[in-house]
Amino acid sequence: MNTVVIDMLSTILHVDLDAFFASVEVADKPWLKGKPVIVGANPHEGRGIVNTASYEARRFGIHSGMSIREAYRKCSHGIFLAPHYERYTAIAHEIRAILYRYTPQVYVTSIDEAYLDLTKSLHLFGTARMIGEWIRYEIKRRFHITTSVGIASTMEVAKVAASQAKPDGLLEVAAGDEAGFLAPLPIRELPGVGTKMERELLAMEIHTIGDLAKTSLSVLLKRFGAWGYALWQHAHGVGRTTLPEEVPPQQIGKEVTFSKDTSDLRFLRNTLMRLTDEVCYEMRLQGEKARKVTLKLRYADFTTFTRQTTLAAPTNATQLIAQAALQLFFVNLPPGRLVRLIGMGVGDFVKRAIVQPSLFDLPKTENQLWLFIDRLRKRRGLTVIKMGWFHAGIRESTQI
Ligand code: TTP
Ligand code: MG
């Protein structure tokens, strides 16, 4: 008897929200629709960078990572907004829940990007294009933000397809057309080609992905080693057809750079508590418990200092993490030293289910209080409730 093995082609779908932070701001403030919106540092303070810009602002040459000062020079009439991370995180979590309806095989690569392996779930939902359009529709209906989707047989080609579909589009590359689709695109569009690699390839007269595909493999191997081989494969449309194993986050952290260096102990301590509160909220959303707490300080002269402590048991309870962070702070801060940046992080995670069934490690009534606070924040944003705290018997309400 003959056995016929049918090698099923993979179907990978890449989802990337358009101008994510800016789109959320516009959705929350509809009168900004159609305006150049820039999310990032305060342009009047002069330091810091652009997180992202709406497509209208991009027409002025503004992009992520650019200094806010330069962005202001290019578009002084733009609407400059501070980021609301907790709002973006809450929306990103809800959007992930939409993605999981179509397959458990979801690989999240950033706050607004994910890959879905639809190979085994297509028979349940129809075509990949239908799933892609449903996802885009559902996100637009619920959050009023647009999404771009790429569909292909590999992760790399699906990602390029999504970026070509931007904004608010869907592009499917049929199996067999991968190399043809990639060929005319500029070399920087190929995943794995950063600015340095782009410079080197351009210097070799390799301008398009097609040029790279035509380049002799031995030349690329000699010049770039194994990386050259991977790029050559990608240029031919060969890439990952299955998703990598999900890697748990190594660390959740937040930091702030002050517009003016400070040695005000109370201000620094309150800022540290605000960051701790935000980090713990994020940790609970992700279902993690941490074993390590890190404090980071950067002084006015740019020297940076980090100190870490290991907790007696993994936890995601704000009070317990705050105690550890405060201890690191008070033990290590040299008096009077001017601080430019303060940050804290948690890491060395243990999934909460593995540790114990309770969500937190506090008495029951306190647990219930925090569950309530988290629920409220998920609906109304992190700042709907602010943390007050006791220190040395003096009650303080932190205006943070
Ligand atoms: P991206 O998906 O890279 O960018 P985007 O969603 O703003 O725009 P695009 O339509 O091109 O996808 O990043 C997602 C969010 O991550 C972005 O809205 C803001 C944040 N981000 C930063 O804060 N700094 C950065 O340098 C980048 C690249 C992104
Ligand atoms: Mg995006």
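Note that the structure is predicted; figures quoted are calculated from it, not measured.

Definitions and cut-offs
- Residues numbered from 1 in each chain as written.
- Chains lettered and ligands numbered in written order.
- Predicted model: local features only at pLDDT ≥ 70, side-chain atom pairs only at ≥ 80, totals over all residues.
- Heavy atoms only, no water.
- Helix = DSSP H or I, 4+ residues; strand = E, 2+ residues; numbered from the N terminus.
- Buried < 20%, exposed > 50% of the residue type's maximum accessible area, 1.4 Å probe, protein only.
- Contact = heavy atoms within 4.5 Å.
- Areas by Shrake-Rupley, 256 points an atom, 1.4 Å probe, with all protein chains shown as cover.
- Lys, Arg positive; Asp, Glu negative; His and termini not counted.
- Charge placed at Lys NZ, Arg CZ, Asp CG, Glu CD.
- Pairing = 2+ DSSP bridges.
- Axes fitted to C-alpha atoms, helices over the stretch in contact; angles between N-to-C directions.
- Salt bridge = Lys/Arg side-chain N within 4 Å of Asp/Glu carboxyl O.
- Left-handed = near helix turned anticlockwise from the far one by under 90°.
- Expected span 1.5 Å × (residues − 1).
- Polar contact = N/O pair within 3.5 Å; in protein donor to acceptor, adjacent residues only side chain to side chain.

Asker: Can you help me understand the overall build of the protein chain in this one?
Answerer: Of regular secondary structure, the protein chain possesses 16 helices and 14 strands. On the principal axes, the C-alpha backbone points of the protein chain span a range of 80 × 60 × 50 Å. Evaluated residue by residue, the protein chain yields a buried proportion of 46% over its 400 residues. Restricting the contact set of the protein chain to residue pairs at least 6 apart, pairs at least 24 apart contribute 64%. Carbon together with sulfur atoms contributes 55% to the accessible area of the protein chain, which is approximately 20800 Å² in total. The averaged location of the 40 negative side-chain charges in the protein chain is 6 Å from the averaged location of its 51 positive side-chain charges.

Asker: Looking at this structure, how should I read the sheet that holds strand 1 (residues 12–17)?
Answerer: Hydrogen bonding along the main chain pairs the strands of a sheet, whether they run parallel or antiparallel. The five strands are arranged 5-6-1-7-8 in an open sheet whose pairing can be described as mixed. Among the strands making up the open sheet, the edge pair consists of strand 5 (106–110) and strand 8 (170–172). When the angles between neighbouring strand axes are averaged without regard to direction, this sheet yields 15 degrees. Where strand 1 and strand 7 (residues 147–152) come together, six bridges link them in antiparallel fashion. For His14, the partnering residue across the bridge sits in strand 7 and is Gly150. The strands that helix 6 (residues 128–143) touches are strand 1, strand 6 (113–117), strand 7 and strand 8; relative to strand 7, the one it contacts most, it runs at about 165 degrees.

Asker: In this structure, what is going on with the pattern of salt bridges? I would like to understand it.
Answerer: If the charged atoms of two oppositely charged side chains come close together, the side chains can form a pair. Inspection of every chain in the model, using the stated rule, returns 21 salt bridges. Asp16 is the partner of Lys166 in a salt bridge, and the nearest nitrogen-oxygen pair spans 3.6 Å. Here Lys166 is found in the loop between helix 7 (155–165) and strand 8, whereas its partner Asp16 is found in strand 1, with 150 residues between them in sequence. Among the ionic pairs, Asp168 bridges to Arg136, the shortest N-O distance being 2.9 Å. Of the two residues, Asp168 sits in the loop between helix 7 and strand 8 while Arg136 sits in helix 6, which places them 32 residues apart along the sequence. Each of Glu133, Arg136, Lys140 and Asp168 takes part in one network of salt bridges that share partners.

Asker: Mind showing me how you'd approach the packing of helix 4 (residues 85–99) against helix 6 here?
Answerer: When two helices pack together, their arrangement is given by the angle between the helix axes and by the axis-to-axis distance. Look at helix 4 against helix 6: their axes get within 10 Å of each other, and the N-to-C directions meet at 145 degrees. The way helix 4 lies across helix 6 gives a crossing that is right-handed. Judged by residue contacts, Ile91, Glu94, Ile95, Ile98 and Leu99 of helix 4 engage Ile135, Glu138, Ile139, Arg142 and Phe143 from helix 6.

Asker: How should I be thinking about the sheet that holds strand 4 (residues 79–81) in this particular structure?
Answerer: On the basis of which strands lie adjacent, the open sheet formed by three strands has the order 3-2-4 and mixed pairing. Both edges of this open sheet fall to strand 3 (50–53) and strand 4, since each of them pairs with a single strand only. In this sheet, neighbouring strand axes are inclined to one another by 25 degrees on average, regardless of whether the strands run parallel or antiparallel. As judged from the three bridges shared by strand 2 (residues 37–40) and strand 4, these two strands associate in the parallel manner. Within the sheet, the bridge partner assigned to Val39 lies in strand 4 and is Leu81. Relative to strand 2, helix 1 (residues 20–28) is tilted by about 115 degrees, and along the sheet it contacts strand 2, strand 3 and strand 4.

Asker: Mind showing me how you'd approach the side chain of Glu282 here?
Answerer: Summarising the element assignment, Glu282 is placed in helix 13 (residues 265–285). Lys254 provides the closest opposite charge to the buried, salt-bridge-free Glu282, at an N-O distance of 5.5 Å. Setting aside chain neighbours within four positions, we find Glu282 in contact with Thr89, His93 and Ile252.

Asker: Looking at this model, I keep getting lost on helix 13. Mind explaining?
Answerer: Helical periodicity: at 3.6 residues per turn, an α-helix aligns residues three or four positions apart in one direction. Given a rise of 1.5 Å per residue, 21 residues ought to cover 30 Å, and the 30 Å separating the end C-alpha atoms of helix 13 matches this to within 8%. Counting buried positions along helix 13 gives 16 out of 21 residues, so the element sits mostly inside the fold. Capping the start of helix 13, Asp264 holds a side-chain oxygen 3.1 Å from the backbone nitrogen of Arg266, two or three residues further along. Taken from the residues just after helix 13, Gly287 is the one with a positive phi, measuring 70 degrees.

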